[in-house]
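# Fold and geometry: a report
Chain by chain, the residues run as shown.
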Amino acid sequence: MIWIDMIVTFIIAVLSGMGMGSGGFLVLYLTFFRKFPQLTAQGINLVFFLFASASAMTVHLLHRKMHLSAILLMVVAGLPAAYLGTRLALVLPEALTTRLFGIFLIIAGLPGVFRSTREKNSEKT
Amino acid sequence: MQAQHFPFDRRTGSTVFFLLMLGAGAGFINGLLGAGGGILLVYVLRGYVNRRYPKNSDTLAKAHRDIYANALAVMLPVSVFSALHYVLSGTLKTASFSFVILPSVAGGILGGWLLDKLKLSWLRRLFALLVLCSGVLMVLRA
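Note that the coordinates shown come from a computational prediction; the quantities given were computed from them, not determined experimentally.

## Structural notes on a nonpolar patch on the surface
- Taken together, Tyr83(A), Leu84(A), Leu88(A), Val91(A), Phe28(B) and Phe81(B) make up a surface patch of nonpolar side chains, about 530 Å² in accessible area.
- In terms of residue count, the dominant contributor to the nonpolar patch is helix H4 (residues 68–91) of chain A (4 residues).
- When you line up the elements, Phe81(B) lands in helix H3 (residues 58–88).
- For Phe81(B), a relative accessible area of 33% gives the class partly exposed.

## Considerations on helix H1 (residues 13–33) of chain B
Residue and element names in this part refer to chain B.
- Between the first and last C-alpha of H1 there are 30 Å, a value that for 21 residues agrees with the 30 Å anticipated at 1.5 Å per step.
- Regarding H1, the residues found buried are Thr15, Leu19, Leu22, Gly23, Ala26, Gly27, Ile29, Asn30, Gly31, Leu32 and Leu33.
- Note on H1: the residue one or two positions beyond its end, Gly34, has a positive phi of about 75°.

## A closer look at the interface of chain B and chain A
- On the chain A side, the residues contacting the 89 residues of chain B number 88 residues.
- By the criterion of area lost to chain A, the three top residues of chain B are Leu72(B), Phe99(B) and Met138(B), representing 9% of everything that side buries.
- If you look at where chain B meets chain A, you find 4 residue pairs in polar contact (both at pLDDT 80 or more).
- Elements that contribute at least two residues to the side of chain B that touches chain A include exactly H1, helix H2 (37–50), H3, helix H4 (94–97), helix H5 (101–114) and helix H6 (120–141) of chain B.
- In terms of residue count, H3(B) provides more of the side of chain B that touches chain A than any other element does, 19 residues in total.
- For the side of chain B that touches chain A, the per-class residue count stands at 58 nonpolar, 22 polar and 9 charged.

What counts, and where the lines are drawn
Residues numbered from 1 in each chain as written. Chains lettered and ligands numbered in written order. Predicted model: local features only at pLDDT ≥ 70, side-chain atom pairs only at ≥ 80, totals over all residues. Heavy atoms only, no water. Patch = residues over 30% accessible without salt bridge, like charges linked within 9 Å, V, L, I, M, F, W, Y side chains within 5 Å. Areas by Shrake-Rupley, 256 points an atom, 1.4 Å probe, with all protein chains shown as cover. Salt bridge = Lys/Arg side-chain N within 4 Å of Asp/Glu carboxyl O. Helix = DSSP H or I, 4+ residues; strand = E, 2+ residues; numbered from the N terminus. Buried < 20%, exposed > 50% of the residue type's maximum accessible area, 1.4 Å probe, protein only. Expected span 1.5 Å × (residues − 1). Contact = heavy atoms within 4.5 Å. Buried area = accessible area lost by both parts, 1.4 Å probe. Polar contact = N/O pair within 3.5 Å; in protein donor to acceptor, adjacent residues only side chain to side chain. Nonpolar A, V, L, I, M, F, W, Y, C, P; charged D, E, K, R; others polar.

Read these as geometric descriptors, not functional statements.
Structural data, given as structure tokens:
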């Protein structure tokens, strides 16, 4: 079973390294197939992201333009906000957190699908 | 005007406020849901650069790829912070996440290398579909 977990994690890490994020797939896999509690799955996902993104960054730093001042501003605001989010996650019911996660992903995914369809159609004309 | 791939060199008050709010939003979502902060960053920043560069231009394509890398750079320290909080609160034990370390390192390196090798349109389509499917499954499951 651990081998399946590692293969799934590897595939999701490839997507994450390409900058697409895990898409919530690791959380979904851990809660749906491996029956982990939602908060534990979220925590594992965070650790996964740390290692996947740190590794991907070693490649990106060689090829991509990094805007350090913009990054710094977003991080400075992101850290206290992350603390608040984590505190809230620890007190909310698990079912609500799962539903919120799913709704967020639907909101995030829909524009991309329709935009891609529009671009595909405009290429045909 | 010389084109920049990621046009935040002019530090106006509105730009600073925009980046702070964006970072706060991404950080809050990341802490609350354990994921999703990067998605927010990518979508918002992509909309921002789409209004500034000609469609289908090489500059726009490079800006999109830069966004992915910069979003990772923002979410890395934010995720460290959130993960530490999960561990210190007792929600997450070391034994439960040790299996992700090796495959995530290997996959992350491969993904970083692939970013320049794949067509951008396929990247966007794949990303959007993955995110949408994940969302639907999670709402149905809850």
